[in-house]
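Coordinate inspection notes
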Amino acid sequence: MCGIVGYVGHQSAGPILLEGLQRLEYRGYDSSGIAVIDRDGALAVMKREGKLRDLQAAIQQMPSGATGIGHTRWATHGQPSDRNAHPHASSSGDVIVVQNGIVENYRELRAELQDQLDAEGRSWHSDTDTEVIPELISKELIAGRSFEDALAYAVGRLRGANAIAAAHRGDPDRIYAARKGSAGGIVIGYGDGEMFVASDLPALLPHTTTVYHLEDGDIAVIDDRSVRIRQENRTSFQPTPVQVDLDPVAIARGPYRHFMLKEIHEQPRALSDTIRGRARLEPPSALADDLELPIETLRSIQRVLVIGMGTSLHAAMIGRWWIEQVAGIPADFDNASEFRFRAPLLGPSTLVVAVTQSGETIDTLGAMNHVRQHWGAPQVAVTNVEGSEATRQADASIILRCGPEVGVASTKTFVGSLAALYLLACRIGHAQGRLSPHVLTDRLEQLLTAPSLVERGIQRAERCAEIAQRFGTASNFLVLGRGIEYPLAMEAALKCKEISYVHAEGYAAGEMKHGPIALLDQEFPVIALAPRGPLFDKMTSAIQQVSARRAPVIAIGDEGDKDLSELVDHFIGVPPAPPLLTPFSLTPVIQLLAYQIALTRGLDIDQPRNLAKTVTVE
Ligand code: M6R
């Protein structure tokens, strides 16, 4: 949720930390702060509520120092404010800490530390859970432990999942980092006589592509030339860094007004890259070299459960559809945050597929952990981030090749996840002999048209802008879909909510008459997803019912569908797609509609209020 950066080297740390935070701002953006220490151990801390630009102005006044840590926050404990922004210092003023995650036992720890604070005549200076960490470290330093031991002790006392960076005035040539559980990653970047720390690669890429990812339980002691990892069992080693293959240009906004718009336009490419080499026609095969699950496992699957959250849950719902229709085996989907808490019964031979673009979402990781501990069922992660926690927990992964997604609203990773799930359905169906070579070829040929379906959908941008102009001030939307378009209706509503702040509901069209229809009047626009297909007639019946209540209907259907366009008030045509592939033709239009509505309302599209790109807290 929050973004963490760190630097130790020969340059002035402040500007480097600030630039790193700018590249991580999608992780949290309600307040931010930077702390730097100079060679003599003088510490300066600057924190500001609001966006990073507010901090940027403030740090001009900051003394320089070549060691420092920084943080951009998504508030959990305590409102966004200067005092609750990180870094947090110990009451002694010697220790500074930034954290991503939640200290679940912070009340207990505060009570324990209270005596020490009372004795010193000091009080807590924030409402955060994080502040106990520098205090715990400080207490151990006073008791004579080294900083490394004190940090290890403090981390050991925390309950929950935490990613931490820390520094100490008495040790100005080092920074420290720690990772406990799945609170998002910590990655160390190797420079020339300088080292970097970040929660995510984009902050490191302008400086280095040589990196090392901390594992759960690692504490890293970092100076300007080396890293030493201390593990929970106190053994230490010098890690071997790896090279990452990511282009810094991929994380620039380029000529686009927003990252979301850029990423919508990148979808055809993201799809082709994700499919490339994985859908072969002669002889037909899907994911032949990309799914490290033994063939016996694939053959023995009797049921598939697809899980995820938010947009990834909607991809999971569509994936369920394909696994049933393409692979021909029973499949279900579940909301990962609900799944593990209802003691689910998986039964034998269930394959669990976890969809998470970030690979860090705590609800999804919690569900995967539950599966591993209670069922030992095989798991496949569908994720855009190689080496992410989801890939570590899964038995096999399908890595999307969408490139970094910066906009908080998931767009290109949604279509990438769809392609991966479709390929997985083909792979399972093929392994189980349920898809003849002829049918498999047909399915794969259809998938290969997906990038062009998306491309043509994107060309409807102008029409989406016109509709947004007309309905940009509406307070509510109902989005209707049936069959494979029902999850898309939910995705359209989610996009409207998260970036346009419009109340929107995604409903199965058949459900509308069972209650939601009571809401409809001329002020309540309804978006109907109505491409031609087996359920088209039922969809048009629902549209008639809406029109009879005088609610304006915006239909998204096949280009040139005269009957439909004459039936509704507003029409957006998309390229006709085979019935199983309509998610690819419709997705860009629902994304662009939400984008354009947000634009007409003048909203902060890439950083919508209250949200963060990666949700690493429960
Ligand atoms: O990284 P994940 O795919 O696991 O994230 C899941 C959701 O948090 C995410 O899809 C969220 O709903 C997006 N903001 C939607 O645009």
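Here's a quick rundown of the structure. Everything numeric here is computed off the predicted structure, so don't read it as measured data.

Reading guide: rules and limits
Residues numbered from 1 in each chain as written. Predicted model: local features only at pLDDT ≥ 70, side-chain atom pairs only at ≥ 80, totals over all residues. Heavy atoms only, no water. Phe/Tyr/Trp six-rings, centres within 6.5 Å; stacked < 30°, edge-to-face > 60°. Helix = DSSP H or I, 4+ residues; strand = E, 2+ residues; numbered from the N terminus. Buried < 20%, exposed > 50% of the residue type's maximum accessible area, 1.4 Å probe, protein only. Lys NZ or Arg CZ within 6 Å of the ring centre and 35° of its normal. Pairing = 2+ DSSP bridges. Right-handed = clockwise from strand over helix to strand, strands pointing away. Near = heavy atom within 4 Å. Polar contact = N/O pair within 3.5 Å; in protein donor to acceptor, adjacent residues only side chain to side chain. Nonpolar A, V, L, I, M, F, W, Y, C, P; charged D, E, K, R; others polar. Axes fitted to C-alpha atoms, helices over the stretch in contact; angles between N-to-C directions. Parallel < 35°, antiparallel > 145°, perpendicular 65-115°, else oblique. Contact = heavy atoms within 4.5 Å.

Under the defined criterion, the tally for this structure stands at four aromatic pairs. Pairing Phe147 with Tyr176 gives two aromatic rings, centres 4.6 Å apart and planes at 45°, and the pair type is tilted. Of this pair, Phe147 sits in helix H5 (residues 147-157) while Tyr176 is found in strand S8 (residues 175-180), placing the two residues 29 residues apart along the sequence. Since its relative accessible area comes to 4%, Tyr176 is described here as buried. For the pair Trp322 and Tyr422, a centre-to-centre distance of 5.1 Å together with 85° between the ring planes defines the contact as edge-to-face. Highlighted residues: Trp322 in helix H9 (residues 310-327) and Tyr422 in helix H13 (residues 412-431), separated in sequence by 100 residues. For Tyr422, a relative accessible area of 0% puts it in the buried group. Each member of the aromatic cluster is reached from another via a ring pair, and the members are Trp322, Tyr422 and Phe584. Lying across the ring of Trp124, Arg110 places its NZ or CZ 4.5 Å from the centre. The positively charged end of Arg609 is found above the aromatic ring belonging to Tyr501, 3.9 Å away from the centroid.

What follows concerns the pairing of strand S24 (residues 503-508). Alignment of strand S23 (residues 476-481) against S24, held across six bridges, turns out to be parallel. From the neighbouring strand, Val479 faces S24, where its bridge partner is Gly506. Following the chain from S23 across helix H17 (residues 485-500) to the adjacent parallel S24, one finds a crossover that is right-handed.

Close to the ligand lie 15 residues; Ser312, Thr356, Ser358, Thr361 and Glu498 are nearest. One of the backbone nitrogen or oxygen atoms of Thr311 is found 3.0 Å away from an oxygen atom of the ligand. Contact between the ligand and Ser312: an oxygen atom at 2.6 Å from a side-chain N or O atom of the residue. Elements with a minimum of two residues in the shell around the ligand: H9 and H17. Partitioned by chemical class, the residues of the shell around the ligand number five nonpolar, eight polar and two charged.

Packed helices, taken two at a time, are described by their axes: the angle between them and the distance between them. In the contact formed by helix H1 (residues 13-24) and helix H2 (residues 52-59), the axes pass within 11 Å of each other and the chain directions differ by 175°. Compared by their axis directions, H1 and H2 come out roughly antiparallel. Mapping the contact onto sequence places Gly14, Leu18, Leu21 and Gln22 in H1 and Leu52, Leu55, Gln56 and Ile59 in H2. For the contact of H1 with H2, the class distribution of residues is five nonpolar, three polar and no charged.

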